[in-house]
Amino acid sequence: MTTIKTTTAQKDIRLIENFIQSEEEERILLSNVFTNGEEEEESEEKGGCEEKRKKEQGKEGTLLSSWKVLSGRRVKTFGGTVNAQKTIGERLPNFLKDLCLRIENDERVKETFSLSSSSSSSLQQQQQQVLRLNHVLVNEYQPNEGISSHQDGPLYASFVCVVSLARDEIVSFTPHEDFKDALKPFDVLVPRRSLLVFYGKSYDCYLHGIRGGGGRRILGSKREGDDDDEKKRISLTFRHVKNSFIPGKALSGALFGKRR
Ligand SMILES: O=C(O)CCC(=O)C(=O)O
Ligand SMILES: [Fe+2]
């Protein structure tokens, strides 16, 4: 299977296929985290009140977020609203907390960070320290929807872990304006159920985006009867918000401070 089409920044990208098993994918997609909030979409616009918050309290006692429409796609935010002053963190639903721990403790992910080509050893140490995932953005894309090229903001630690669900997609990396002469754009096919980790050069020197339209269709390898590209895609973007603070919780991401 084609994964990384060029190798420009390969050392700062790791794709782990089948990170999520099929049954688990199904369970996640059917979980009330994804089904709740459908009918509440409009009331979210009016702002949350305590009663609504209580109503959204899931079976596990965790706060469930509602969908918001953002540049076409729908998103749900878990872990708090990211704020330049201080992010008031929120507890993650249990299944997302479990996934965070799995990513953090995955030997391949840990190995990836220790192999970072553009990192000094002290930066590597800090990367390992901040591999404490405390924020998850759920993106839902309709078959032809994507996300324009962007860099995730400075309030996040310089790495992203993306779990792809429901269908394959292509993530395009284009060099940041300052690196246009030195670096070449490249695409990564992210199969459903995979985990994509990018950091270092891929995070700092490139923008990432999705043109939309599904991975197989773009690669021209769509199989007969394969309707995956007509499905919605869900991605779970796991990050570390540097200034996140959960009131009443002794140790928070805030302890790890600034990385640059
Ligand atoms: O959906 C994806 O694979 C990427 C999402 C992303 O770039 C983001 O949430 O910032
Ligand atoms: Fe992003």
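Here the structure is a predicted model, which means the values were calculated and not measured. (Residues numbered from 1 in each chain as written. Chains lettered and ligands numbered in written order. Predicted model: local features only at pLDDT ≥ 70, side-chain atom pairs only at ≥ 80, totals over all residues.)

### Points about the confidence of the model for the protein chain
The pLDDT averaged across the protein chain works out to 76; a share of 67% of its residues lies at or above 70. Overall, residues 52-62 carries pLDDT values under 50, and its contacts beyond four positions in sequence, including any with other chains, amount to 17 contacts. Note on residues 251-260: pLDDT is under 50 here. Beyond four places in sequence and across chains, it has 21 contacts. (pLDDT = per-residue confidence, 0-100. Contact = placed C-beta atoms within 7 Å.)

### Topic: the site of ligand 1
In the neighbourhood of ligand 1, the contacting residues comprise Leu137, Asn139, Ile147, Asp152, Val162, Val171, His208, Ile210, Ser235 and Thr237. Put simply, the parts of the chain that give the shell around ligand 1 at least two residues each are strand 5 (135-141), strand 11 (206-210) and strand 12 (233-239). Partitioned by chemical class, the residues of the shell around ligand 1 number 5 nonpolar, 4 polar and 1 charged. (Near = placed C-beta within 6 Å. Helix = DSSP H or I, 4+ residues; strand = E, 2+ residues; numbered from the N terminus. Nonpolar A, V, L, I, M, F, W, Y, C, P; charged D, E, K, R; others polar.)

### Re the sheet that holds strand 11
Ordered by their spatial adjacency, 4 strands build an open sheet running 6-11-8-9, and the pairing between neighbours is antiparallel. Each having just a single partner strand, strand 6 (147-150) and strand 9 (186-190) make up the two edges of the open sheet. Mean inter-strand twist for the sheet, computed between neighbouring axes without regard to direction, equals 20°. (Pairing = 2+ DSSP bridges. Axes fitted to C-alpha atoms, helices over the stretch in contact; angles between N-to-C directions.)

### Regarding the sheet that holds strand 2 (residues 68-70)
The strand order across the open sheet formed by 7 strands is 1-10-7-12-5-3-2, and the pairing between neighbours is antiparallel. Strands at the two margins of the open sheet, each flanked by one partner only, are strand 1 (13-16) and strand 2. Each strand of the sheet is rotated relative to its neighbour by a mean of 25°, with strand direction disregarded.

### Comments concerning the environment of valine 197
Summarising the element assignment, valine 197 is placed in strand 10 (residues 195-199). The exposure class assigned to valine 197 is buried, which follows from the 24 C-beta atoms found within 10 Å. When the C-alpha atoms of valine 197 and arginine 108 are compared, they prove to be 10 Å apart, with 89 residues separating the residues in sequence. Those residues in contact with valine 197, other than ones at most four positions away along the chain, are Arg14, Val109, Thr112, Phe159 and Cys161. (Buried ≥ 20, exposed ≤ 12 C-beta atoms within 10 Å, placed from the backbone.)

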